[in-house]
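# An overview of the molecular structure
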Amino acid sequence: MAQDCCSPISGNIVKVCGAKRGGMIKCLYAVSLCNIDKIDVDSTTGEVIDISMKAQPSPATTDYFWYEIGVKKNTHGFTNTATINDGGSKYFEQAVSFSIEGFDQPTKNAFNDMIDGEAVFIGISADGNAHVLGRLSGAEMTEGTIGTGVAVSDLFGGTATFTAQEIEVTPSIIMDGSITIEVQSSAEGATAGDVITVTFD
């Protein structure tokens, strides 16, 4: 008699040889979940194949955009923890942690606003691939500290962790140049409202 069952085995996991390193080494981008129109994933490959934003209310003439988080080097990364409960629910607890430097008022204001947000993050890992966290339900701050420290060697700034309960491991963005996002520039000398285009390729 045929038995209905899940098919959890989808392919080989190939050993990756050569030099490797962990962590996110480039940019970390964030946006409010409610400002996203859609983030589509290919049902076969599992890769993100489209990201589109909602339009900002009039009189704005552009769609919502992403923000760049100026993180301290070697402090940010994604984790995906499989969570299996006795009640039968199974999901991945996606988390991103990062540190920011600075204790000026604009930094404190931005950190303050994070506590209520449901955010989606894009991070680029050491191998050059981009990954999306909180795509379906958004990630919420589960831990955060900002301050001056007490010793010269202490962090002058803040650390934060955002967590999302999702039914998938953080998906990768297809890196063929077909996906772009608009990001408010944090480059030195940039004026308020400067928006740049980031291409994933």
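Predicted model, so just to flag it, every value in this text is computed and none were measured. (Residues numbered from 1 in each chain as written. Predicted model: local features only at pLDDT ≥ 70, side-chain atom pairs only at ≥ 80, totals over all residues. Heavy atoms only, no water.)

## Here's the deal with the pairing of strand β8 (residues 130-133)
Of the two faces of β8, both are covered, the one formed by Ala-130 and Val-132 as well as the one formed by His-131 and Leu-133. Two strands pair when backbone bridges link them, and strand β7 (residues 119-125) and β8 are joined in this way by four bridges, in the antiparallel orientation. Across the sheet, Phe-121 pairs through a bridge with Leu-133, a residue of β8. Linking two consecutive strands that pair antiparallel, namely β7 and β8, is a turn of four residues; a positive phi of about 90 degrees is found at Gly-128 within it. (Buried < 20%, exposed > 50% of the residue type's maximum accessible area, 1.4 Å probe, protein only. Helix = DSSP H or I, 4+ residues; strand = E, 2+ residues; numbered from the N terminus. Pairing = 2+ DSSP bridges.)

## Focus on the layout of surface pockets
Reported here for the largest pocket is a volume of approximately 730 Å³. The wall of the largest pocket is formed by 25 residues, among which Tyr-67, Glu-68, Ile-69, Ala-110 and Met-114 lie closest to the centre. Looking at the lining of the largest pocket, the elements with two or more residues in it are β1 (24-32), β4 (66-69), β6 (90-101), α1 (105-114) and β7. Of the residues that constitute the lining of the largest pocket, the class distribution is 13 nonpolar, eight polar and four charged. Among the elements that line the lining of the second largest pocket, the one with the most residues is strand β5 (residues 77-84), at three residues. Broken down by class, the residue content of the lining of the second largest pocket amounts to five nonpolar, eight polar and two charged. (1 Å grid on protein atoms, 1.4 Å probe; cavity = no way out; pocket = protein on both sides within 12 Å on 5 of 7 lines; lining within 4 Å. Points joined across faces, edges and corners; volume = space filled by probe spheres on them. Nonpolar A, V, L, I, M, F, W, Y, C, P; charged D, E, K, R; others polar.)

Worth remembering: the numbers are spatial, not functional.
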